[in-house]
Amino acid sequence: MTTSHLYVRYRVDLERPFPNEEELVRQIVGAMERANRQVAAKHRHGLRDAHAKSHGILAGELRIEPDLPEHLAQGLFAAPHSYPVIVRFSTSPGDLRSDQVPVQRGLAIKVIGVNGPRAIEDGATTQDILLVNHPTLPFGTIGEYAELQKLLERQPRQSDLRQRLTRLGARVAARVLACLGRPRPPVLELLATANHHILGETFHSMAALRYGDHVAKISAAPRSEDLRALIGRPVDTRAGDSALRDLVTNFFTRHSAEYELRAQLCVDVDRMPIEDASVLWPEELSPHHRVAVLHLPAQDPYSDARRRYADDVLSFSPWHTLEAHRPLGSIMRSRRVAYPRSSGFRHTVNGVQEREPSSIDELPA
Ligand code: HEM
């Protein structure tokens, strides 16, 4: 007997426009552009407007699990297959900060050679999966996101040291609130990140996406023993501003790594909302299921040629996707405008042609 009736079926009207959505997206993208221009002037080089700093760029394989049940065998995951991938590890700000500042880290996966109807007709055959090491986006609608941006724009630019101190204070405050059994306000959640080895982190889509006939959030968790040994390992405070690049390079010189890619299917649109990415989808309602394994062999993950290719030529976007994995909710819709704008700006400033790869051979050694 099939259990797929338990899972919410994807329908266009699961998405609801946010009040004043177009104007809010315009504001968000406008604020990003202003920040982007300032950072480009500082470095005399165009950077990503978010996740500007890379820590490792790897070639690998995404191996879709065999024998998935019908509700999980959807879209990219419909049949067992091994796809080549390019992976980029990053840090969230749109500027080059010291790796000693504990901020959110990213894992972007570009799956190559994926065929099928696209969410946007871009002529590409890539499926990008963008993940961050936190399960929710504390400002989970574009209304809240626009408010956060206004707040940030009014703040003077903080030094790395000031940022480290602010975040230390936030972690102490978060611990006190936890002891008192009180909830953390979203700002605190954003600031109270610990600085752990990037490879031991679990990364999340934070927001929902279409999962073929259903709706899901996606995550990637360490699977191989060598990776699991890095979970929660603090970054050495004496390891310098490029500590994460050094950790990634040291690891992959000798080790391979495996992450499991998991889908958490929506079973209840009220308790697992699509339009508000700040709500944690309860695992008791719907657990995370492994749908693929991301295999990354030992290699040199940070040659100059790779850094230039991944930072300056490539763009990752949740909208580089099959229709079967269309991003859902107001935050995701805002990204449809924000990513091409940021990518277009840096490619123009740097005089570099943007190219979506059709073969793994395009990734330099
Ligand atoms: C659901 C929450 C989000 C996740 C999981 C996420 C994740 C990521 C990741 C991993 C990257 C780096 C990709 C790479 O390595 O090239 C990235 C880049 C970026 N993100 Fe997000 N992001 C989220 C929300 C947003 C929002 C709400 C915006 C703005 C509306 C945004 C704007 C950007 C921009 C502009 C870039 C750089 C694009 C480029 O120049 O190529 N992100 N994001």
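Remember, predicted model here, so these are calculated numbers, not experimental data. Position labels on residues start from 1 in each chain and follow its written sequence. The predicted origin of the model limits local features to residues at a pLDDT of at least 70 and limits the giving and counting of side-chain atom pairs to 80 or more, whereas totals for whole chains, interfaces and linings rest on all residues. Based on all heavy atoms of the structure, the side-chain values leave hydrogens and waters out of the count.

Got a minute to help me understand the overall build of the protein in this structure?
Assigned secondary structure in the protein consists of eight helices and nine strands. In terms of C-alpha radius of gyration, the protein reaches 20 Å, essentially the compact-globule figure of 21 Å for 365 residues. Its C-alpha atoms give the protein principal-axis dimensions of about 60 × 45 × 40 Å. Relative to its full complement of 365 residues, the protein shows a buried share of 55%. Accessibility throughout is a Shrake-Rupley quantity obtained with a 1.4 Å probe, and a residue counts as covered only by protein chains that appear here. In the form shown here, the protein has an accessible surface area of approximately 16800 Å², with 53% of it arising from carbon and sulfur atoms. Secondary structure elements are defined from DSSP: runs of H or I of at least 4 residues count as helices, runs of E of at least 2 residues count as strands, and each element is numbered from the N terminus. As defined in this context, the radius of gyration uses C-alpha atoms, and a globule is described by 2.2 Å times the residue total to the power 0.38. Note on classification: 1.4 Å probe, protein chains only; a residue is buried when its accessible area is under 20% of the maximum for its type, exposed when over 50%, partly exposed between these limits.

Would you take a moment to explain empty space enclosed by the protein for this structure?
Summary: where empty space remains is shown by rolling a probe the size of a single water molecule over the atoms. Using a 1 Å grid laid over the protein atoms alone, points where a 1.4 Å probe fits but cannot get out form a cavity; open sets with protein on both sides within 12 Å along at least 5 of 7 lines form a pocket; any residue with an atom within 4 Å of a point counts as lining. Grid points are joined across faces, edges and corners, and a volume is the space filled by probe spheres set on the points. The final tally for this structure, using the stated rule, is two cavities of 30 Å³ or more. Considering only enclosed or pocket space, the largest cavity measures out at about 140 Å³ in volume. Surrounding the largest cavity, 15 residues form its lining, Gln127, Asp128, Ile129, Leu209 and Ile218 being those nearest its centre. Sorting the residues of the lining of the largest cavity by element identifies strand E4 (126-132) and helix H8 (330-350) as the ones contributing at least two each. Here the lining of the largest cavity gets five residues from one element, more than from any other, and that element is E4. Tallied by class, the residues present in the lining of the largest cavity amount to nine nonpolar, four polar and two charged. For the second largest cavity, the calculated volume is near 40 Å³. Around the second largest cavity, the lining residues are Val29, Met32, Glu33, Asn36, Asp49, Ala338, Arg341 and Ser342. Where the lining of the second largest cavity is concerned, the elements lending two or more residues are helix H1 (21-43) and H8. When residues in the lining of the second largest cavity are grouped by element, the largest group, four residues, is from H1. The nonpolar class holds Ala, Val, Leu, Ile, Met, Phe, Trp, Tyr, Cys and Pro. Asp, Glu, Lys and Arg form the charged class, and all remaining residues, Gly among them, are polar.

Sorry if this is basic, but what is going on with the nonpolar core here?
Here, nonpolar core refers to any group of buried Ala, Val, Leu, Ile, Met, Phe, Trp, Tyr and Cys residues whose side-chain atoms link them within 4.5 Å. Counting residues in each nonpolar core, the largest one holds 60 residues, and the members touching the most others are Leu76, Ile109, Leu199 and Leu261. In this structure, Ile112, Ala310, Leu314 and Leu363 belong to the second largest nonpolar core, which totals 13 residues.

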